[in-house]
Amino acid sequence: MLEKLERMDAFFAARLDEYEEHMLRNTEGVAEGYVELAKYVPKKTQTLLDLGCGTGLELEEIFKVCPRAHVTGIDLAQVMLDRLYAKHSDKRIHLICASYLGYDFGAEAYDAAVSFETMHHLSHDEKRSLYRNIFHALKRGGKYIEGDYMAKTQEEEDRLFAENRRIRASQNIADGELYHYDTPCTAENQIKLFLQAGFARAEKVWRKGATTIIVAEKL
Ligand SMILES: C[S@@+](CC[C@H](N)C(=O)[O-])C[C@H]1O[C@@H](n2cnc3c(N)ncnc32)[C@H](O)[C@@H]1O
């Protein structure tokens, strides 16, 4: 039987109460991934963009490294942002409830950008265009650090993308509509997408289970 897909924001809103427990305990590499990702955020970071920030699990580690950074967080689900704000109202945070796809983050505005466990719902084209916007929004010398569920093999990536197309077609979901389904790319494909978006370098720096961190640099 085909899985019934849920709208992206409704999917996360419906799971809010068990969300953090699930991320920290049930997904291999995620709890350690937050700690690892924070190590790649430069200590001197003053302006940070967090895409798909959710309830702010990655920020808990990042604030240990850069407690006074100005953080702009963007997420589709207002209830996730409300939870984040309740935890970090003493911090310098600006939260935007919107899709990061097509969002104008400005030019050369951020020292660093991060995302954790959110990009594995996107197509290659959506990612390339979003990564171009992130590249544009970073200052020269800026870094984008992505922690995400990445596929082990091309076969796994192809199979999940094909399955997503099949389920979306069966539910008449139009292209561009945001529904929850995991379509992870391999780290190798991720690196190609970062380079195509303009980043000078992109390197896989850590992996545990399927949780993988890539650092992309703008020179
Ligand atoms: C698995 S959660 C990760 C949240 C947080 N980064 C963490 O690691 O706990 C994925 C988040 O991405 C958000 N998201 C998914 N697609 C999005 C989009 N197109 N624009 C903004 N946020 C999005 C969801 O609402 C959700 O809060």
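Here is a short report on the structure shown in this document. Being a predicted model, the structure only gives us computed values, none of them experimental. (Residues numbered from 1 in each chain as written. Predicted model: local features only at pLDDT ≥ 70, side-chain atom pairs only at ≥ 80, totals over all residues. Heavy atoms only, no water.)

Close to the ligand lie 21 residues, the nearest being Y19, Y34, G52, D75 and T118. With respect to the ligand, the side chain of Y19 contributes an N or O atom lying 2.6 Å from an oxygen atom. Between F116 and the ligand, the recorded distance is 2.9 Å, taken from a backbone N or O atom to a nitrogen atom. For the ligand, the protein covers 98% of the area, taking 600 Å² as the surface of the free molecule. Its atoms largely coinciding with the cavity grid, the ligand occupies the largest pocket. Those elements that place two or more of their residues in the shell around the ligand are α1 (8–14), α2 (16–26) and α4 (57–65). (Near = heavy atom within 4 Å. Polar contact = N/O pair within 3.5 Å; in protein donor to acceptor, adjacent residues only side chain to side chain. Areas by Shrake-Rupley, 256 points an atom, 1.4 Å probe, with all protein chains shown as cover. 1 Å grid on protein atoms, 1.4 Å probe; cavity = no way out; pocket = protein on both sides within 12 Å on 5 of 7 lines; lining within 4 Å. Sits in = over half its atoms within 2 Å of the grid points. Helix = DSSP H or I, 4+ residues; strand = E, 2+ residues; numbered from the N terminus.)

The volume enclosed by the largest pocket comes to roughly 690 Å³. Along the wall of the largest pocket there are 40 residues; nearest its centre are F12, E117, H120, H121 and H180. Among the secondary structure elements, those contributing two or more residues to the lining of the largest pocket are α1, α2, α4 and β2 (70–75). Its volume calculated, the second largest pocket comes out at about 340 Å³. Looking at the second largest pocket, it is lined by 18 residues, and the ones nearest its centre are S123, E126, N164, R168 and D175. Top element by residues in the lining of the second largest pocket is helix α7 (residues 154–170). It accounts for 5 residues. (Points joined across faces, edges and corners; volume = space filled by probe spheres on them.)

With 7 bridges joining them, strand β6 (residues 201–208) and strand β7 (residues 211–217) adopt antiparallel strand pairing. Bridge assignment links W206 to a residue of β7, and that residue is I213. Taken together, β6 and the strand that follows it, β7, pair antiparallel across an intervening segment of 2 residues, in which G209 is found at a positive phi of about 60°. (Pairing = 2+ DSSP bridges.)

Judged by pairing direction, the sheet is mixed, and its 7 strands sit side by side in the order β3-β2-β1-β4-β5-β7-β6 without closing on themselves. The open sheet has two edge strands, β3 (92–97) and β6, and neither has a second partner. Sheet twist, expressed as the average angle between the axes of neighbouring strands with direction ignored, equals 15°. Two strands pair when backbone bridges link them, and strand β1 (residues 47–51) and strand β4 (residues 110–116) are joined in this way by 4 bridges, in the parallel orientation. When the sheet's bridge partners are listed, L49 is paired in β4 with A113. (Axes fitted to C-alpha atoms, helices over the stretch in contact; angles between N-to-C directions.)

With that settled, consider the nonpolar core. Judged by nonpolar contacts, the single largest core of 32 residues is most densely connected at L48 and I62. For this core, the secondary-structure elements that each account for two or more residues are α1, α2, α3 (30–39), α4, α5 (78–88), β4 and β7. Not counting chain neighbours up to four residues away, the residues in contact with I62 comprise L37, A38, V41, L48 and V114. (Core = buried A, V, L, I, M, F, W, Y, C linked by side-chain atoms within 4.5 Å. Buried < 20%, exposed > 50% of the residue type's maximum accessible area, 1.4 Å probe, protein only. Contact = heavy atoms within 4.5 Å.)

Backbone geometry at E117 places phi at a positive 55°, although glycine is not the residue there. Within the secondary structure layout, E117 lies in the loop between β4 and α6 (124–137). Classification of E117 as buried rests on a relative accessible area of 12%. One non-glycine residue, N172, adopts positive backbone phi at about 55°. In this fold, N172 is placed in the loop between α7 and α8 (187–196). By relative accessible area, N172 is classed as exposed at 72%.

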